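Residue strings, one per chain:
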Amino acid sequence: MTPTPFSATVLGSPRIGPNRELKKAVESYWAKKSSAEDLAAVAKGLRADTLTKLKNAGFDSVPVNTFSYYDQMLDAAVLLGALPERVKGVANDLDRYFAAARGNQDVAPLEMTKWFDTNYHYIVPEISPSTKFALDPSKIFAELEEAKELGVPARPVVIGPVTFLLLSKPVNGQGPLLERIGELIPLYKDLLSQLKAKGVEWVQLDEPVLVTDKGQAVLDAAVSAYQQLTSAADRPSVLLATYFSGLGSALEKILSSGVDGVAVDLVYGSADHLAGVHFQGKLLVAGVVDGRNIWRTDLDKALTVLEGLKNKGVQVAVSSSSSLLHVPYSLKPETHLDDTLRSWLAFGDEKIAEVATLAKGLKQGRSAIADELDASAKAQSARRTDPRLNDKALRDEIAKLRETAGQRGPADQRIAQQNAALGIPKLPTTTIGSFPQTREIRVARQKFTKGEITAEQYEQHMRDEVAAVIKLQEELGLDVLVHGEPERNDMVQYFAEQLEGFFATSNGWVQSYGSRCVRPPVLFGDVKRPNPMTVQWSKYAQSLTDKPVKGMLTGPVTILAWSFVRDDQPLGDTAYQVALAIREETVDLQNAGIKVIQVDEPALRETLPLKKAEQDAYLDWAVGSFKFSTSGVEDSTQIHTHLCYSEFGEVIGAIADLDADVTSIEAARSHMEVLDDLNAAGFKNGVGPGVYDIHSPRVPSVDEIVVSLKEALAAVPVDRLWVNPDCGLKTRGESETKASLVNLVEATKQVRATL
Ligand code: GLN
Ligand code: ZN
């Protein structure tokens with residue numbers, strides 16, 4: 001079968017709506033303020049806008065079924081009949097879907113985890129031995145019908161079987177999930193044949209898992225699966241789509257599997273190895289426009305890659321490197337940016353235009369897009385030479401400091417001294433930083449943003465809040481106190497707003513999960529700290545108590561992970577610039593009398609590169625920049641760090657290498673296993689495994705916490721163990737927080753009495 005090639009597309013589209021219309025509609029439905037029909041109407045309108053936009057851009061193949069009420073993996077679970085048994089009792093389809101996503105009074109939701117190395121979280125399907133796969137393509141068919149009515153050349157997009165299984169979770173004794181691929185193949189074949197009958201020319205099966213190092217067995221399984229899928233005659237052409245990294249030598253194997261086209265990421269993967277590949281007339285969907293960062297494409301560079309492929313006789317289509325799900329809709333609302341800065345950027349709509357331009361240039365020659373090439377070149381050169389990106393003095397300062405700013409003293413001596421000087425008891429109790437963001441705090445922040453109260457009034461509200469949190473902690477009898485972080489909207493945004501080199505977008509929302517959207521700051525230039533950022537809050541909190549108050553900062557890796565980062569220098573270089581700002585802040589905190597400082601790095605694990613070959617280099621700058629940010633203080637100042645949100649297995653050695661005096665780490669749900677891993681990695685400093693899970697409103701009993709502490713004491717000597725919750729308390733209510741901490745202190749007392 002010879003596929004009909006296409007020339008311009010994107011791999012997927014954002015779906016929250018340009019002004020978060022879907023978020024609002026879904027949340028209103030959840031709150032029973034509107035009906036399922038109201039929600040469906042909003043969704044249909046958003047889909048129509050997206051499809052029309054892509055059609056009008058001249059795309060000859062347009063992704064459909066990339067819309068979702070919540071998440072594409074959850075949609076795939078519905079498509080394949082793989083929702084867990086426990087939600088099957090929920091009466092209607094939509095409510096069952098949302099119950100699987102977020103639970104209801106009767107059923108627990110599915111888990112959520114990060115989508116590869118992005119900040120998007122997907123719903124993790126559960127597969128048990130009793131899961132009976134069955135095809136339900138109604139969503140795809142309905143969206144296909146809408147596309148047809150709009151006259152759009154539709155290409156249905158579905159998660160492929162290999163990625164679906166490898167990203168799901170085996171439960172109830174289910175063995176390795178790939179073993180069940182044989183059950184899925186007939187369903188996918190059936191789907192393909194039904195789509196063919198509806199006149200579909202191309203189907204996109206997403207297999208991003210193939211860019212990770214899953215090994216030869218997985219690649220073989222994928223090749224075999226696609227041989228079977230493509231063996232039928234009555235099917236549309238199959239595009240196997242990969243993204244977030246390159247395929248390397250796997251590409252040739254995949255091309256041999258019978259697929260009609262492959263989408264490859266040429267932004268986060270290299271185009272170099274494509275030269276020797278035999279495409280055998282198959283379509284290469286070349287992801288040359290960055291789908292997950294916000295920089296304007298260097299059109300000349302992208303076109304050179306495309307022309308090179310075309311000249312070798314490869315059938316090429318121009319595309320984004322990944323779905324545009326990960327970037328904001330449009331640059332248009334960002335009217336506050338200066339023209340120079342704006343000219344460096346491309347959000348979703350601008351990227352669509354770039355794809356169209358490149359496709360035109362590839363087809364009609366460079367002269368057909370001369371103006372666009374010119375404008376792109378001007379923007380690239382303005383960006384390269386802008387003084388805000390080229391502070392030589394800053395670079396020199398960092399290079400010099402990296403040579404001289406040595407290690408801290410030996411950990412055991414340092415920590416013993418600190419604990420003695422600070423009067424830290426055995427099993428010291430503390431928290432991770434934030435206290436509940438009360439209604440008063442949110443109202444005050446809203447009023448301040450709207451200009452209804454002055455900065456002084458706002459700050460007074462926050463100081464009152466700090467005072468209340470200090471008083472509460474003294475009453476509770478905690479040992480190392482925190483100021484509670486009331487002044488922070490978000491642990492990255494708060495710092496980005498105060499550092500040079502960042503800007504905030506006014507409408508740059510991207511989906512984080514479900515109806516939750518975030519507005520990541522853009523790190524565009526050299527990072528500098530014009531003023532102290534947290535000192536006044538910590539100093540005020542410390543003035544109210546004799547107990548030590550922990551200063552609270554976010555580390556360089558996490559600041560990078562939750563921002564759009566510059567792509568014109570190695571990430572490690574950017575990390576050290578952020579690290580210098582944090583280092584300056586730690587010194588100022590120390591000079592203001594703060595003796596304990598926590599630098600949070602919850603994103604340490606999630607930023608780990610997908611490919612093993614790249615992981616060591618990452619860990620080197622991740623650990624290096626953390627140590628750089630925390631080694632400017634005296635040995636007598638105690639450095640804490642906090643890690644959460646992930647399984648730490650692969651980075652456990654790096655956690656030990658951070659060499660923080662005290663590390664608090666999520667552990668309650670994993671029964672303290674992380675402590676054995678840390679021991680095995682040779683970690684000898686203070687450690688505070690979370691003794692209860694803050695992700696649920698449940699108040700842990702004293703007995704439960706005692707059990708956790710005893711488990712921890714079996715793994716860690718008593719003089720190294722700290723007692724704290726799993727994570728910050730900002731999402732929790734006030735009464736449950738207080739009740740939980742009362743029990744935490746009481747449990748600690750009971751265990752201390754047995755020592
Ligand atoms: N200090 C932060 C807090 O307590 C840490 C948050 C986090 O780990 N994500 O909220
Ligand atoms: Zn945390």
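About the thresholds
- Residues numbered from 1 in each chain as written.
- Chains lettered and ligands numbered in written order.
- Predicted model: local features only at pLDDT ≥ 70, side-chain atom pairs only at ≥ 80, totals over all residues.
- Heavy atoms only, no water.
- Helix = DSSP H or I, 4+ residues; strand = E, 2+ residues; numbered from the N terminus.
- Rg over C-alpha atoms; globule rule 2.2 N^0.38 Å.
- Buried < 20%, exposed > 50% of the residue type's maximum accessible area, 1.4 Å probe, protein only.
- Contact = heavy atoms within 4.5 Å.
- Pairing = 2+ DSSP bridges.
- Donors = N, O, S within 2.8 Å, 3.2 Å for Na, K, Ca; no water.
- Tetrahedral: all angles 85-135°; square planar, octahedral: opposite > 155°, others 65-115°.
- Core = buried A, V, L, I, M, F, W, Y, C linked by side-chain atoms within 4.5 Å.
- UniProt positions renumbered as here; feature names shortened; annotations may be inferred.
- Near = heavy atom within 4 Å.
- Polar contact = N/O pair within 3.5 Å; in protein donor to acceptor, adjacent residues only side chain to side chain.
- Areas by Shrake-Rupley, 256 points an atom, 1.4 Å probe, with all protein chains shown as cover.
- Nonpolar A, V, L, I, M, F, W, Y, C, P; charged D, E, K, R; others polar.
- Salt bridge = Lys/Arg side-chain N within 4 Å of Asp/Glu carboxyl O.
- Axes fitted to C-alpha atoms, helices over the stretch in contact; angles between N-to-C directions.
- Parallel < 35°, antiparallel > 145°, perpendicular 65-115°, else oblique.

A.B. asks: Looking at this structure, how should I read the overall build of the protein chain?
C.D. replies: Looking only at helices and strands, the protein chain features 26 helices and 21 strands. Relative to its length of 755 residues, the protein chain is compact, with a C-alpha radius of gyration of 27 Å against a globular reference of 27 Å. Based on the C-alpha atoms only, the size of the protein chain along its principal axes is roughly 75 × 60 × 55 Å. Looking at the protein chain as a whole, 59% of its 755 residues qualify as buried. Long-range pairs, those at least 24 residues apart, make up 77% of the contacts in the protein chain with a sequence separation of at least 6.

A.B. asks: Please explain the side chain of Asn743 as it appears in this structure.
C.D. replies: Along the polypeptide, Asn743 turns up in helix 26 (residues 734–753). Apart from residues no more than four positions distant in its own chain, Asn743 is found in contact with Val699, Pro700, Ser701, Val702 and Ile705.

A.B. asks: Hey, could you run me through the sheet that holds strand 19 (residues 638–643) in this one?
C.D. replies: Remark on secondary structure: sheet strands pair via backbone hydrogen bonds, oriented parallel or antiparallel. Ordered by their spatial adjacency, six strands build an open sheet running 12-17-18-19-20-21, and the pairing between neighbours is parallel. Each having just a single partner strand, strand 12 (481–482) and strand 21 (686–689) make up the two edges of the open sheet. Of the pairings in the sheet, the one linking strand 12 to strand 17 (residues 549–554) comprises two bridges and is parallel in character. Paired with Val482 across the bridge in strand 17 is Lys550.

A.B. asks: Can you help me understand the coordination of the zinc ion (ligand 2) in this one?
C.D. replies: Six octahedral donors at a metal ideally form angles of 90 or 180 degrees, and four tetrahedral donors ideally form angles of 109.5 degrees. Coordination of the zinc ion (ligand 2) by the protein comes from His642 (NE2), Cys644 (SG) and Cys727 (SG), over a distance range of 2.1 to 2.3 Å. Viewed at the metal, the four donor atoms of the zinc ion (ligand 2) are separated by angles of 93 to 126 degrees, and the geometry they form is tetrahedral. Of note, the zinc ion (ligand 2) draws all its donor residues from one chain, in the sequence arrangement H-x1-C-x82-C. Linking Cys644 in the loop between strand 19 and helix 23 (652–658) with Cys727 in the loop between helix 25 (702–715) and helix 26, this pair joins segments that are 83 residues apart in sequence. Pair check on accessibility: Cys644 and Cys727 agree, each one buried.

A.B. asks: Any chance you could explain the nonpolar core here in plain terms?
C.D. replies: When a protein is soluble and globular, its nonpolar side chains tend to lie buried together. By size, the foremost hydrophobic cluster in this structure holds 142 residues, and its most contacted members are Tyr69, Phe98, Trp115 and Phe164. With sequence-adjacent residues up to four places away left out, Trp115 is seen in contact with Gln72, Met73, Tyr120, His121, Tyr122, Ile159, Leu167, Pro208, Tyr243, Phe244 and His326. In terms of nonpolar packing, the next biggest core, distinct from the first, is built from 100 residues, Met533, Trp537, Trp621 and Leu678 among them.

A.B. asks: Explain the UniProt feature "binding site: 5-methyltetrahydropteroyltri-L-glutamate" (unreviewed entry) in the protein chain here, please?
C.D. replies: Sites flagged by UniProt as "binding site: 5-methyltetrahydropteroyltri-L-glutamate" (unreviewed entry) map to Arg20, Glu21, Leu22, Lys23, Lys114, Asn119, Arg516, Cys517, Trp562 and Glu606. The largest pairwise C-alpha distance within this set of annotated residues, which runs over 587 residues, is 28.9 Å, so the set is dispersed in three dimensions. Take Glu21: it is sitting in helix 1 (residues 21–30). When its relative accessible area of 26% is taken as the criterion, Glu21 is described as partly exposed. Not counting residues within four places of it along the chain, the set of residues in contact with Glu21 comprises Ile16, Val42 and Leu46. Residue Asn119 is classed as partly exposed on the basis of its relative accessible area of 27%. Not counting residues within four places of it along the chain, the set of residues in contact with Asn119 comprises Lys114, Ser512, Ala561, Trp562 and Glu606.

A.B. asks: Can you help me understand the site of ligand 1 in this one?
C.D. replies: Residues in close proximity to ligand 1 total 14 residues, the closest being Ser434, Glu485, Asp600, His642 and Gly728. Measuring from an oxygen atom of ligand 1, one finds a side-chain N or O atom of Ser434 at 2.7 Å. One nitrogen or oxygen atom from the side chain of Asp600 is found 2.6 Å from a nitrogen atom belonging to ligand 1. Notes on ligand 1: free accessible area 300 Å², of which the protein chains cover 99%. In terms of residue class, the shell around ligand 1 is made up of seven nonpolar, four polar and three charged.

A.B. asks: Which parts of the structure should I look at to understand the pattern of salt bridges?
C.D. replies: Any two side chains of opposite charge can pair, given that their charged atoms come close. Enumeration according to the criterion identifies 40 salt bridges in this entry. A salt bridge links Glu85 to Lys88, with the shortest nitrogen-to-oxygen separation between them at 3.7 Å. A residue is classified by how much of its surface remains accessible, and Lys88, at 43% relative accessible area, is partly exposed. Here Glu126 ties to Arg86 by a salt bridge, and the two come within 2.9 Å at their closest N and O atoms. Within this pair, whereas Glu126 is found in strand 4 (residues 126–127), its partner Arg86 is found in the loop between helix 3 (72–79) and helix 4 (93–102), the two being separated by 40 residues in sequence. For Glu126, a relative accessible area of 14% translates into the label buried. Salt bridges linked by common partners bring Arg383, Arg395, Asp526, Arg566, Asp567 and Asp568 together as one network.

A.B. asks: Help me understand the packing of helix 14 (residues 392–404) against helix 21 (residues 571–591) in this model?
C.D. replies: Helix packing for two helices is described by the angle between their axes and how far apart those axes are. Two elements in contact, helix 14 and helix 21, have axes whose closest approach is 11 Å; the angle formed by their N-to-C orientations is 75 degrees. Judged by the inter-axis angle, helix 14 sits roughly perpendicular to helix 21. Of helix 21, the residues touching helix 14 (which contributes Leu394, Arg395, Glu397, Ile398, Leu401 and Arg402) are Tyr576, Gln577, Leu580, Arg583 and Glu584. The residue makeup of the contact of helix 14 with helix 21, split by class, is five nonpolar, one polar and five charged.

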